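Fold and contact review
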Amino acid sequence: MASASATAPTTPDRADKDYWHPAWPMLLAIIGPMLPTPRAVEPGTLLADLGLDDLDRDVIAMELGDAMGIHITDDAARQWLTISDVLASAGSAA
């Protein structure tokens, strides 16, 4: 079974700072296999709309933390509602 992928929108709002966040491509690579179908993911996308649950959030926190050389706490991951929230944790945890 092939895994799904997460991609940035084809015409993203380039003024949105999250598209330039160093964790953006890493985050897309991490959540892509978790998605049931390929889809475009934007900073404002709700994690719940992607079908991501608490366990997925823990995995994202561990994998993104490892990829960036930072520690993201479980408490921070539990507070995530959107992709932007995840990126904010990645930026503030360094």
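For every chain, the first residue of the written sequence is number 1, and numbering continues from 1 along that sequence. Totals for whole chains, interfaces and linings use all residues, but because this is a predicted model, local features are given only for residues with pLDDT of at least 70 and pairs of side-chain atoms are given and counted only at 80 or more. For side-chain calculations, the full set of non-hydrogen atoms in the structure is used, while hydrogens and water are omitted.

Right, let's get into helix α1 (residues 24-31). Exposure classes here rest on a 1.4 Å probe applied to the protein chains alone. A residue is buried below 20% of its type maximum, exposed above 50%, and partly exposed in between. We count a stretch as a helix when DSSP gives it H or I for four or more residues in a row; a strand needs E for two or more, and each element gets its number in order from the N terminus. All of the buried residues along α1 are W24, L27, L28, I30 and I31. All buried residues of α1 fall inside an arc of 165° around its axis, so they share one side. Those residues of α1 that are exposed and aimed more than 90 degrees away from the buried face are P25 and A29. Note that the arc is defined by the directions from the helix axis to the C-beta atoms.

A few words on the pattern of salt bridges. For this document, the term salt bridge refers to a Lys or Arg side-chain nitrogen within 4 Å of an Asp or Glu carboxyl oxygen. Under the defined criterion, the tally for this structure stands at 1 salt bridge. One salt bridge connects R78 with D75, and the closest N-O pair in it is separated by 2.9 Å. Of this pair, R78 and D75 both sit in helix α3 (residues 74-78), 3 residues apart, which is roughly one turn of the helix. Side by side, R78 and D75 carry an identical accessibility label, which is exposed.

If you look at soluble globular proteins, the nonpolar side chains tend to sit buried side by side. Ranked by internal contacts, the top residues of the largest apolar core, which has 22 residues, are I31, L50, I60, W80 and I83. At the level of elements, α1, α2 (54-68) and α4 (83-92) are the ones that each hand at least two residues to this core. Considering each element in turn, this core owes the most residues, 5 residues, to α1. Within this scheme, the nonpolar core is defined by two criteria: the residues are buried Ala, Val, Leu, Ile, Met, Phe, Trp, Tyr or Cys, and they are joined through side-chain atoms within 4.5 Å.

Once that is clear, we can look at the confidence of the model for the protein chain. The quantity known as pLDDT measures the predictor's confidence residue by residue, on a range of 0 to 100. Model confidence for the protein chain is summarised by a mean pLDDT of 83, while 77% of its residues fall at 70 or above. Ranking the helices and strands of the protein chain by mean pLDDT puts α2 first, with 95, and strand β1 (residues 6-7) last, with 62.

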